[in-house]
Amino acid sequence: MHDFEYEAPTTVADAVQLLANHNGSARILAGGTDLIDQIRLGRFAPEVVVDVKKIADLQALEISADGLKLGAATPCYRIYGDEAVCRDYSALADATKIIGGAQIQSRASVGGNLCNSGPAADSTPALIALSARAVIAGPGGTREVPVEEFCTGPGKNVLQPGELLTALVMPARPAHSGSHYLRFIPRNEMDIAVVGAGASVVLDAAGETFVSARIALGAVAATPLYAKEASELLAGKPVGDEAIEAAMAASRKIAVPIDDMRGTVEFRKHVTGVLTRRALEKAIARARENAGS
Amino acid sequence: MAKKRVVTTTINGEQTEFLCQPRQTLLEALRDVLNLTGTKEGCSNGNCGACTILMDGRPVDSCLVLAVESEGAELETIEGVAPAEGLDPIQTAFLENAALQCGICTPGFIMAAKALLESNPHPTEQEIRFYLAGNLCRCTGYDKIIRAVQDAAKSREEVTV
Amino acid sequence: MATVEKEQQAVSTNGHYKVIGTRPIRHDGVDKVTGRARYGADTRLTGMLPAAMLRSPHAHANIKSIDTSKAEALPGVRAVVTSADLPDATDRVANLGEGTVNLKHLSDNVLAGDKVLYRGHAIAAVAADNIHIAQEAVKLIQVEYELLPPVLTALEAMKPDAPLLHDDLRTDDLGEIADTPSNVATHIRFEKGDVEAGFAAAEVVVEREFHTATVHQGYIEPHNATALWNADGHITIWMSTQGTCTAPQQTAELLDLPVSRVKVVPMEIGGGFGGKISVYLPPVAAILSKKTGRPVQLVMSRTDVFEATGPTPGSAIRIKMGVDGQGRITAAEAWLAYEAGAYPGSPVGAGAMCVFACYDVPNGKVDGYDIVVNKPRTNAYRAPGATNAAFAVETVVDEICEKLKLDPIEFRINNGAKKGTRRIDGPVYPRIGMEETMAAIRDCEHNRTPLEGKHRGRGVATGFWFNIGLKSTAQATVNPDGTVALIEGSTDIGGTRASIAMQLAETLGIAAEDVVPTVVDTDSIGYTDVTGGSRVTFATGWAAYLAAKDIQGQMIERAAKIWDCDVTAVDYKDGGVVGPDGKRFSFKEIAAEAHKIGEPVIGRGSADPQEPGGAFGTHLVDVEVDMDTGKVTILRYTAAQDVGTAIHPAYVEGQIQGGAVQGIGWALNEEYFYDDQGTMRNSTYLDYRMPTTYDLPMIDTIIVEVPNPGHPYGVRGVGEVPIVPPPAALANAIYQATGVRMHELPMSPPRLLHEILKQRASNGDQ
């Protein structure tokens, strides 16, 4: 493996300073489940690896009236292990439960998943569906970016040298809302999404009409996608096949997948619609059970 | 070349100091520095679970942990599972159920099964299958491994009652 | 050659034996559940250096030059090796237990000479003070390549204008050597009866073409070798190998040394399935050791294992089968093209012999082609060649049964091979259990339970594998306390220490636990062939039986001396010696007495049995198909197999379950996925998708025992045949569930969904 130094700062300021000092030749280590293999394969050759797990803020998991604040390095098992997350941010719990196996979930974080910026990242469509924003610290202070604008290409994102993703924040969940993330994989575990779909819906009190919806897709384009048209067309529509089929069609329209060892264009286009339906149906069922707290 | 670091950990209940380079994985340190070769290397990218150990009570693929990250951690490896005399009920169940053939995946399976039973003492068959999906076995078809974990859950219960 | 004592045979293990048929804890078990067992990569020697390999990034290229100077100059590097360090192997041929091998091919596969023939082809190796330095040094080796177009499938490689891998390879076409070079190494043919007349007599003829992808054995332990080339010229290699005695042969040939100079110490082996017979690393580690004067260890990465060891071939197969109005097979024809990989030697011969082996085919013709392509040289994988063929033929049988409205199980029983049936390739079967496995499946609870629910289907398929005999040695030392130390040369991949020790224990009438079996190095035991071909429990078990008979004879002599009677008055039975007037010593007693009055008692057994007894297996599977994604869920699985006699039933079940699950992986998701440049795009466990625990139900087994007349305890090989039926059984179940016939492996979701959507479009559904 390529030779590097290791640093484990305990504050965001120290981390940002370290990153700035190394001017782009540092890599950030959270759970390490992507990074260590990438260094082993020579995809990255950092001078220094900055372990951010010792920064308390990056391990946060706080739910308040404002919503959910999730430290960027918080491992998956703590996220799906939190009852409130499972109840209110179900799509996020769904995603973190199926990233890798138990061993990976002990270490892998949602922030790391986002920063790795793979098109098939499982937690990213869930975050987009839940209207998450990425909180980024840098030499010039902090800034926020909607998660759907975070990734710019396979393995690429808006982080500038010296910047660090510190948290993901999601707004509070209203009554009659529900969310779900699911993916298609050939096996039942330990696979990369061939297609992933996240959905969040808010229904009226009767559970019969969409108040609003957000649909997000993974593995069907160079970055995870927010399905804007599919999401917006649902608002105000009665819950039913007609609306769902319109959303499926709109999702399929924006899918621009590739043929590779994980799936074909034909397969991914078709399954994009199928998973849009399945994500919506489960989100709707959850919304109907959710009278608010 | 980056200088070696001194790492202080607890391994199988004993405080242990070792030297490693930042680029060495915990798997490499266990096997090559500490001579704990019971932890196996199957793929080195977190997809087979052969190198599973417990780190602060959680199962991890030690191939995806830097050795330097284990500073201050409590580690448990296959070498620490059996009591001074005899075997852990999981080990006994693997033997009695013929849940191993070549045996290379066995240490990883036992560590993952231990983590499972400690967090969920009465798992269903599907819960066992889901939890152990991060461990590959190519010999057994898993049938006897699942039965062994079911048996181990039962005998652990008898021990604690 | 030893003879079988037929009178010892029993029709079933049920109650006939004291040890055989029981389930003792395996002797090596505790070491394996405590992490104490030492596998190849666990070898730690004083002064040992790690080493890394340079492998080709290209699938097909000429090597113009190799410059290792920068690597050699890197601090910490101790030695570099290239093919220039190997003895010239041109025009040398060796017999290495697996038949005749072109040594130049073997040598070029270990370290490429002037050409690389697949991505991952080994080119050079570096030994250094630590593995990271060795890996850095590898990157400093400069190789100048002249790129050549790769050819990646059998059908492409057979085209007249295909790029040629070897300019000196000329087709051996039914014994005639062609004039011009070709990628077709061999064309073989088997014939029986009058095929044309047979098809003319048929009521239904079905002809289909099938394609299967390259798949890997997938053992969890990567290949490894640790070598010490001592100053006295003796080489010791610690490694995980299926062939303790064949590995030193291959290594010695490659290094052009007498085999007596190479000792192999077999470490525990983390799976093989046929893939750990060929030698890749030992000669390289040995030369690095010679250059450095220190032991050198080479361990492959997972990607190396996928890219550069021996998977089982992709294939193209055409099957034509005719059946008359009475439901009898009248004729069958097969055309098999198997990818050998970079060098000749695919298992097409075995495939051609197995293709119709489950059936009584009166008129048949089989053509087989061995074809080189720019992929790693294929190697044995559990019943090599048979699974590809069974997928094709068992799918055609299912379609014929559907057309003629015949029950697929009854059809197979009515047309099944039995004692006296002559295979198309010639051999006439002794007593076999094909019919019994079919009947067991027909009558099992699974088959009698109706399958209900939408998009669900049930499929059945059967399979055959020869098994092999070959040579084995065992030696057993009687201890004064009545225990026996058994040493053997068969590396134990799946519990064979136990199954061999149990045959010795049965013969002596002692407990399995009173035998202590040990697998020893090549200087310590007689020649023993590979752990493969489902032969170890059969042949090494036989050697252990002979060692026990040898001990019996010595104990009789010793008792006769003590009792002062003629040896003819003493017999060995019920776990002891009995003499005149009801005199008796148990084994423990005579062991103690024998120790007092004479030389130590050591039993020797060496065997070369010729009748391994063919094995048949029949599998039944229920599936549910997600019609929107093409994903197949296995609901229930039952495998019945004729095992002859189950020595240790738990490990027999384990072999059947493990083989079935490998077959399931092959059927549904596993494949080498190549890009146009010949790069395998999924050379990790993440994307090579072997089944996990969460993909499967329990695998039910039915052990059928039709004893092999060619073994003292009726043993047949068990390990290989269970991989053969699953792809076809699944294809047939998928057809029942969806109405779609799959002709390509794997039947992965994109492929199955494609067929489902095509069917929908043609039905005008959507």
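Residues numbered from 1 in each chain as written. Chains lettered and ligands numbered in written order. Predicted model: local features only at pLDDT ≥ 70, side-chain atom pairs only at ≥ 80, totals over all residues. Heavy atoms only, no water.

Colleague: Please clarify how the overall build of chain C should be interpreted in this entry.
Modeller: Check the secondary structure of chain C and you find 20 helices and 30 strands. The C-alpha atoms of chain C give a radius of gyration of 27 Å, which matches the 27 Å a tight globule of 766 residues would have. Overall, the C-alpha framework of chain C stretches about 90 × 75 × 50 Å when taken along its three principal axes. In chain C, which comprises 766 residues, the proportion classed as buried is 65%. Nonlocal contacts in chain C, meaning residues at least 24 apart in sequence, comprise 79% of its contacts between residues at least 6 apart. Of the roughly 25,800 Å² of accessible surface on chain C, a fraction of 48% belongs to carbon and sulfur atoms. When the 70 basic and 95 acidic side-chain charges of chain C are each reduced to a single mean position, those positions are 2 Å apart. (Helix = DSSP H or I, 4+ residues; strand = E, 2+ residues; numbered from the N terminus. Rg over C-alpha atoms; globule rule 2.2 N^0.38 Å. Buried < 20%, exposed > 50% of the residue type's maximum accessible area, 1.4 Å probe, protein only. Contact = heavy atoms within 4.5 Å. Areas by Shrake-Rupley, 256 points an atom, 1.4 Å probe, with all protein chains shown as cover. Lys, Arg positive; Asp, Glu negative; His and termini not counted. Charge placed at Lys NZ, Arg CZ, Asp CG, Glu CD.)

Colleague: Any chance you could explain the interface of chain C and chain B here in plain terms?
Modeller: It is common to report an interface's size as the accessible area lost on association of the parts. On the chain B side, the residues contacting the 57 residues of chain C number 53 residues. Around 4,400 Å² of area is buried between chain C and chain B when both sides are counted, 58% of it from carbon and sulfur atoms. The largest contributions to the chain C side of the interface with chain B come from C:V33, C:T693 and C:M698, which together make up 18% of the buried area. In this structure, the salt-bridge partner of B:K40 is C:D42, at a minimum N-O distance of 2.4 Å. In this structure, the connection of chain C to chain B is made through 29 residue pairs in polar contact (both at pLDDT 80 or more). Elements with a contribution of two residues or more to the side of chain C that touches chain B: α1 (29-33), α4 (131-140) and α18 (649-668) of chain C. (Buried area = accessible area lost by both parts, 1.4 Å probe. Salt bridge = Lys/Arg side-chain N within 4 Å of Asp/Glu carboxyl O. Polar contact = N/O pair within 3.5 Å; in protein donor to acceptor, adjacent residues only side chain to side chain.)

Colleague: Explain the sheet that holds strand β2 (residues 61-67) of chain C here, please?
Modeller: Backbone hydrogen bonds hold the strands of a sheet together, and the pairing may be parallel or antiparallel. All names here are of chain C. Strand order in this open sheet of 3 strands is β6-β2-β8, and the pairing throughout is antiparallel. The open sheet has two edge strands, β6 (115-116) and β8 (142-147), and neither has a second partner. Strand direction decides the pairing type here: β2 and β8, joined by 6 bridges, are antiparallel. Bridged to S65 within β8 is E144. (Pairing = 2+ DSSP bridges.)

Colleague: Teacher, can you tell me more about the nonpolar core here?
Modeller: The tendency in soluble globular proteins is for nonpolar side chains to be buried side by side. The biggest cluster of nonpolar side chains holds 193 residues, and the ones touching the most others in it are B:F94, C:I319 and C:F356. When residues of this core are assigned to their parent elements, the largest contribution, 10 residues, is made by helix α11 (residues 386-403) of chain C. Excluding residues within four positions of it along the chain, B:F94 makes contact with B:A99, B:L100, B:T106, B:F109, B:I110, B:I145, B:A148, B:V149 and C:V33. Of all hydrophobic cores here, the second largest spans 50 residues; its members include A:L70, A:A95, A:A132 and A:A193. (Core = buried A, V, L, I, M, F, W, Y, C linked by side-chain atoms within 4.5 Å.)

Colleague: Explanation requested: the pattern of salt bridges in the structure shown.
Modeller: Pairing is possible between side chains of opposite charge, provided their charged atoms come close. All chains considered together, the criterion is met by 76 salt bridges over all chains. A salt bridge links A:D260 to A:R268, with the shortest nitrogen-to-oxygen separation between them at 3.1 Å. Both residues of the pair, A:D260 and A:R268, count as buried. For the salt bridge of C:R78 with C:D129, the shortest nitrogen-to-oxygen distance reads 2.7 Å. Taken together, the positions of C:R78 in strand β3 (residues 77-82) and C:D129 in the loop between β7 (122-128) and α4 put the pair 51 residues apart, joining distant regions of the chain. Residue classification places C:D129 among the partly exposed residues on the basis of a relative accessible area of 37%.

Colleague: Would you explain empty space enclosed by the protein in this entry?
Modeller: Over the atoms, a rolled probe matching the size of one water molecule traces out where space is still vacant. Counting across every chain of the model gives 9 cavities of 30 Å³ or more. Volume-wise, the largest cavity comes out at about 210 Å³. Around the largest cavity sit 19 residues that line it, and A:P186, C:V632, C:L668, C:N669 and C:D695 are the ones nearest its centre. Among the elements of the structure, β29 (631-642) and α18 of chain C are those that each provide at least two residues to the lining of the largest cavity. Along the lines of polarity and charge, the residues of the lining of the largest cavity split into 10 nonpolar, 5 polar and 4 charged. (1 Å grid on protein atoms, 1.4 Å probe; cavity = no way out; pocket = protein on both sides within 12 Å on 5 of 7 lines; lining within 4 Å. Points joined across faces, edges and corners; volume = space filled by probe spheres on them. Nonpolar A, V, L, I, M, F, W, Y, C, P; charged D, E, K, R; others polar.)

Colleague: Teacher, can you tell me more about the confidence of the model for chain C here?
Modeller: Atom-level detail of predicted coordinates should not be read off regions where pLDDT is low. Residue and element names in this part refer to chain C. Confidence in the prediction of chain C, expressed as mean pLDDT, is 95, and 97% of residues score 70 or more. Taken together, the stretch residues 1-12 has pLDDT below 50 and engages in 33 contacts with residues farther than four places along the chain or on a different chain. For this predicted complex, the interface score ipTM comes out at 0.98, alongside a pTM of 0.97. (pLDDT = per-residue confidence, 0-100.)

Colleague: Would you take a moment to explain a negative patch on the surface for this structure?
Modeller: Residues and elements named next belong to chain C. Together, D88, D91, D114, D167 and D168 give the surface a local cluster of negative charge. Here D168 lies in the loop between α5 (154-158) and β9 (170-173). Since its relative accessible area comes to 55%, D168 is described here as exposed. (Patch = residues over 30% accessible without salt bridge, like charges linked within 9 Å, V, L, I, M, F, W, Y side chains within 5 Å.)

Colleague: I'm lost on the domain arrangement of chain B in this one. Help?
Modeller: All names here are of chain B. Each assigned domain of chain B is listed with its residue range as follows: domain 1 (5-80) and domain 2 (89-160). The distance between the C-alpha centroids of domain 1 and domain 2 comes to 21 Å. Contact residues are listed per partner, giving 13 residues for domain 1 and 13 residues for domain 2. Carbon and sulfur atoms supply 64% of the area that domain 1 and domain 2 bury against each other, a total of about 1,100 Å² over both sides. For the domain 1 face of the interface with domain 2, the top three residues by lost area are T52, L54 and I78, together amounting to 39%. (Domains from an automatic or database assignment.)

Colleague: What exactly am I supposed to notice about unusual backbone geometry here?
Modeller: Backbone phi values are negative for most residues with the exception of glycine, while trans is the configuration of most peptide bonds. All names here are of chain C. Residue P746 follows L745 across a cis peptide bond; omega there is -5°. For K405, which is not glycine, the phi dihedral falls at a positive 55°. With respect to the secondary-structure elements, K405 resides in the loop between α11 and α12 (408-415). Judged by its relative accessible area of 75%, K405 is exposed. Notably, D574 is not glycine yet its phi reads approximately 50°, a positive angle.

Colleague: What am I meant to see in the environment of C:L508 here?
Modeller: Residues and elements named next belong to chain C. Turning to its location among the elements, L508 is positioned in helix α15 (residues 496-508). Residue L508 is classed as buried on the basis of its relative accessible area, which comes to 0%. The sequence separation of L508 and A640 amounts to 132 residues, and the corresponding C-alpha distance is 31 Å. Beyond its immediate stretch of four places on either side in the chain, L508 contacts V484, A548, I551, Q552, Y572, G575 and F587.

Colleague: It is not clear to me how the interface of chain B and chain A should be interpreted in this structure. Could you clarify?
Modeller: Every contact between the two is made by 32 residues of chain B and, on the other side, 29 residues of chain A. Buried area between chain B and chain A, summed over both chains or domains, comes out near 2,400 Å², and the portion from carbon and sulfur atoms is 57%. In terms of surface lost to chain A, no three residues of chain B exceed B:R23, B:L64 and B:E69, which account for 26% of the buried area on that side. Summed over the shared surface of chain B and chain A, the result is 4 salt bridges. Here A:E5 ties to B:R5 by a salt bridge, and the two come within 3.8 Å at their closest N and O atoms. There are 11 residue pairs in polar contact (both at pLDDT 80 or more) connecting chain B and chain A. Sorting the residues of the side of chain B that touches chain A by element identifies β4 (58-61) and α4 (125-131) of chain B as the ones contributing at least two each. Top element by residues in the side of chain B that touches chain A is β4(B). It accounts for 4 residues. Split by residue class, the side of chain B that touches chain A holds 16 nonpolar, 10 polar and 6 charged.

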